[in-house]
Amino acid sequence: MMDYVGKPEKATQKRIIGLFQDILGWRYLDEWSDREGNSNIEEKLLADYLTCAGYSTAHIGAVLFKLRAEAHNTHRSLYDNNQAVYGLLRYGVDVQVEAGKPTDTVKLINWAEPEKNDFAIAEEVTLKGGLERRPDLVLYVNGIAIGVIELKNSRVTIGDGIRQLLSNQRPEFNAWFFSTVQIVFAGNDSEGMQYGTIGTPEKMFLTWKEDEADNAGFKLDKYLAKLCGKRRLIELLHNFVLFDGGVKKLPRVHQYFGIRAAQQHVQERKGGIIWHTQGSGKSIVMVLLAKWILENNPNARVAIITDRDELDKQIKRVFTDAGEAIHRTSSGRDLMAKLSEAKPRLLCSLVHKFGKQGGDDFDAFIKELEAQPAKTVGEIFVFVDECHRTQSGKMHKAMKAMMPNAVFIGFTGTPLLKRDKQTSLEVFGSYIHTYKFSEAVEDEVVLDLIYEARDIDQKLGSEDKIEAWFDAKTKALNDWQKDELKKKWGTMQTVLSSRSRMGRVVQDIIFDFNVKPRLSSQRGNAILVTSSIYEACKYYEAFQKTELKGRCAVVTSYNPNAQDVTKEETGANSETDKQFIYNTYTDLLKTVEAKPGMTKTESYEEDAKDRFIKQPANMKLLIVVDKLLTGFDAPSCTYLYIDKSMQDHGLFQAICRTNRLDGEDKDFGHVVDYMSLLKKVNKAIAVYSSEIDTSAGGTDPEVLMKDRLDKGRERLDEALEVVALVCEPVEPPKGELQHIHYFCGNTEIASDLAEREPQRAALYKAVASLVRAFAGIADEMDEASYSAAEIATIKKKVENAVSVRDTIRHASGEVLDLKAYEADMRHLIDTYIEADAPRKISPFDNMSLLDLVVKSGIADAIADQLRGMKDKEAVAETIENNVRAKIVKEHLNDPAYYEKISALLDEIIKARKAKAVEYEDYLNQIADLITNMAQGKGDTAPPTLNTSGKRALYNNLGENEELALEIDATVKDNRPDGWRGVEPKERAIKAAIYAILGNEDEVERIFTVIKAQLEY
């Protein structure tokens, strides 16, 4: 095929079809744009495959019925349907063709012999059943749609393809088709290919990396060939699909190759270490590897060992969410008891439960174990999480002694130091697979880190006066007494300066919560690391006097006990450190109800952590000492404030609490250092390049800390360029009307808005990124080396970008901001761009344009929401687009009425374009139309029709007032509670309506209207 620059998308599509046919050996089915009955289950193809596989007609009929029922269950979500279908694909369909005969399992896919399956590809597959869409390519295995590919030409971003895939999965489009789909691809010739599965957000789409030296052809072709080769695709679907607590996941490339390498080790009964950097998904590797071991070795048992209670709970949660039953041991005795029995096959435990309770002679204990090892049943595979810690003490020797024949696999997010290497080799063996921080950042698996040192002055004021006071007060003392008093004074000075310093730290953090985009938008939160439980409590007390009161918690290892303070009372009117800690905890726990099996402290901390992860706006700051600095994954956590001396693994793991992905508005993890730890941070982050055990090979394990302002400038420059590229196709002179036409289309064609949704999504995303980037350094642009002229130009560009975005939102009827974090950006824009005096916030700011027309009139609505538009044509098209969007959205509620409204709108638009009416008359007509539409009735509606439901029935029953009221009363008399979506209850209502209408088709038509009316 002839290749040239600027070729259309169709040319790429034909080349990819050739790749699947000629290289991968798939069958080409045809172009199915005009074919009737396109489905995600092509029954003839599936029946033909099952016939060739030796199944009877009765078996095939039962399989098709059950597969259809699971795939097209209207009472479940797409996720639930997809999970049910995957279960049938993965494990087969149980069929009983005759009563009394045994059940047969019909295999829909031949997992053991991939080549024996029927692999086929179709193009331009028109999907109906919702708003019509046409995926570029659909992949079928044995007639079941398992993959969808969206292609773009090289000048259009992959993001457009991803957003198209996502909108196709929405209920109003073609969610039904994706109930069988396991993998989706988006690609073009310039950027390559990205993949995901159903429900994967755009930010979480993945890229594949393999044989990087191969640069012969397009990356799109290369990686489609890698992932869609028959054996590879079947392997991915069989061993690497995970349903994890409501989220379907496919493996990242490092997870795939890490598990493959581990599988080889397991088959050879060899241990080793999997080093995958913090935040790259080690838990998923554990789940998939454990599932594979248990499924492929009937005698295998897997024990997952951690060294922190938090990690132990997390492991159990991950496995449980993934549908794998796992037993969490309650004690050392429980652990040993379970290991000596055949079940459970999967369990988790704290490493300390391998230790000896009481006594200090650990060596003697280990010798005793080695002489008489515990009895274990089955082939034991031990996964040791965070093995860089658990392997370094004596606990690993106890594990080895207890389970001498077990295979040990260590998991770590930080590399092992040379000094630990020998011990590591003894326990686990060599590296199985490595994935370094720099690779993870490059692959956008985790976020990069921005480091900022903040110096807090600790000096007391008026030191000369203090010295004079000290000399005057100590004249009568000898030198020894003065020396002792100075030592005491030194301690007092530390306490006093610390108190003053803490106040400054608190003020500094509060300031960040007001001005830093992620914190002020309430989508992000922070952790403060302190040196001691006493300091943690002091900070907690200080934050209770700020706006964070009620949204701040302290999480430490302390649990209040009256014995802690029995010897602390001095009789003075002050608290000792222990008394202060005890009193602080007693006060904060007084309203806490202990959960079953937990202390009050544990219940309090569990609730704080849960809110921190799930409700960042309600738990903004956690104050910690050691807890939560490992094994605590909270994507919302964006800032880590360090007020504690830290180093080595602990420091590296702590700073990685902030680098989890969490939506478009989180670009980096931020580390704020109050302890001048820069050298230690560099050492930890460069992973002690002089001391690191580099025997694992691969890329250097470096983690580069980015300077905040340098990175801020880089982000801002990139964001400006992206906005320019997104708006580049707009026709000259690039005014309001041209932008509306490009991003919204023709307001008279209802499908135009849907077709241009990807362009609008790209604009909203680009402007949001620009606003965040600008807000990040808006008050430090001089320090970021921008000239005065550049600053003025940038401010103008940001202001213009926001104006374009707001114009398009109004024009498309998408006034509500779907990105919650972006709402807070208005404050930053107002602060840093607008030079005018602050304007009064309109009482109508949260109302839609159409609601505003009804509330305040057409002129005020335009003045309030469309005040920036100077072009009358643009104003008219914006209003019409909003009306059209309302008609499309509400059509099912009252089809007859909204068809009339649509026809009236068409007449008004036609008259406006023909210049048959003056602009003022046009505005009055459109205002009357909007008012009538809001009321849901025309001028002729009888007064008895006093609800929207009655009016909808009247409009759709030939304006028969008596019949509408009769149907209304019948529905209200016969509707059961919770009838919507429950077929037997819906049938009861239909039967009552049939008694009046006597026509099934008419009943179905009117029932659709009734179902759309919330009053019923």
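Anyway, here's the lowdown on the structure attached to this text.

## Brief notes about the pattern of salt bridges
So, step 1. All told, the structure shown has 49 salt bridges when counted by the stated rule.
So, step 2. The salt bridge involving Glu210 is made with Arg232; its shortest N-O contact spans 3.1 Å. Here the residue Glu210 occupies a position in the loop between strand E8 (192-196) and helix H6 (219-228), and Arg232 occupies one in helix H7 (residues 230-239), the gap between them amounting to 22 residues.
So, step 3. Between Glu268 and Lys270 there is a salt bridge, with its nearest N and O atoms 3.4 Å apart.
So, step 4. A residue is classified by how much of its surface remains accessible, and Lys270, at 39% relative accessible area, is partly exposed.
So, step 5. Residues participating in the shared-partner salt-bridge network are Lys10, Lys14, Glu31, Glu123 and Glu124.

## Re the nonpolar core
So, step 1. The biggest cluster of nonpolar side chains holds 88 residues, and the ones touching the most others in it are Phe20, Phe185, Leu224, Ile304 and Phe383.
So, step 2. At 10 residues, helix H9 (residues 282-296) tops the list of elements feeding residues into this core.
So, step 3. The contact partners of Leu224, leaving out residues within four places of it in the chain, are Ile16, Leu19, Phe20, Leu24, Ile149, Phe185, Met193 and Gly229.
So, step 4. Listed in part, the 62 residues of the second largest apolar core include Val529, Leu548, Leu629 and Met646.

## As for unusual backbone geometry
So, step 1. Cis geometry is found at the peptide bond from Lys343 to Pro344, where omega equals 5 degrees.
So, step 2. A cis amide bond, omega 5 degrees, links Pro732 with the succeeding residue Pro733.
So, step 3. The residue Glu959 is not glycine, and still its phi comes out positive at about 55 degrees.
So, step 4. Along the chain, Glu959 falls in the loop between helix H36 (948-956) and helix H37 (961-974).

## Observations concerning the packing of aromatic side chains
So, step 1. Scanning the entire structure with this criterion turns up 21 aromatic pairs.
So, step 2. Ring plane angle 15 degrees and centroid distance 6.2 Å describe the contact between Tyr641 and Tyr674, whose orientation is recorded as stacked. Of the two residues, Tyr641 sits in strand E22 (residues 637-643) while Tyr674 sits in the loop between strand E23 (669-673) and helix H24 (678-685), which places them 33 residues apart along the sequence.
So, step 3. Take Tyr641: its relative accessible area is 0%, and that puts it in the buried class.
So, step 4. Members of the aromatic cluster, each reached through a chain of ring pairs, are Tyr195, Trp208, Phe240, Tyr256 and Phe257.
So, step 5. Sitting over the ring of Trp32, Arg35 keeps its end group 3.7 Å from the ring centre.
So, step 6. Sitting above the plane of the Phe1007 ring, Lys990 keeps its charged end 4.8 Å from the centroid.

Cut-offs and rules
Residues numbered from 1 in each chain as written. Predicted model: local features only at pLDDT ≥ 70, side-chain atom pairs only at ≥ 80, totals over all residues. Heavy atoms only, no water. Salt bridge = Lys/Arg side-chain N within 4 Å of Asp/Glu carboxyl O. Helix = DSSP H or I, 4+ residues; strand = E, 2+ residues; numbered from the N terminus. Buried < 20%, exposed > 50% of the residue type's maximum accessible area, 1.4 Å probe, protein only. Core = buried A, V, L, I, M, F, W, Y, C linked by side-chain atoms within 4.5 Å. Contact = heavy atoms within 4.5 Å. Phe/Tyr/Trp six-rings, centres within 6.5 Å; stacked < 30°, edge-to-face > 60°. Lys NZ or Arg CZ within 6 Å of the ring centre and 35° of its normal.

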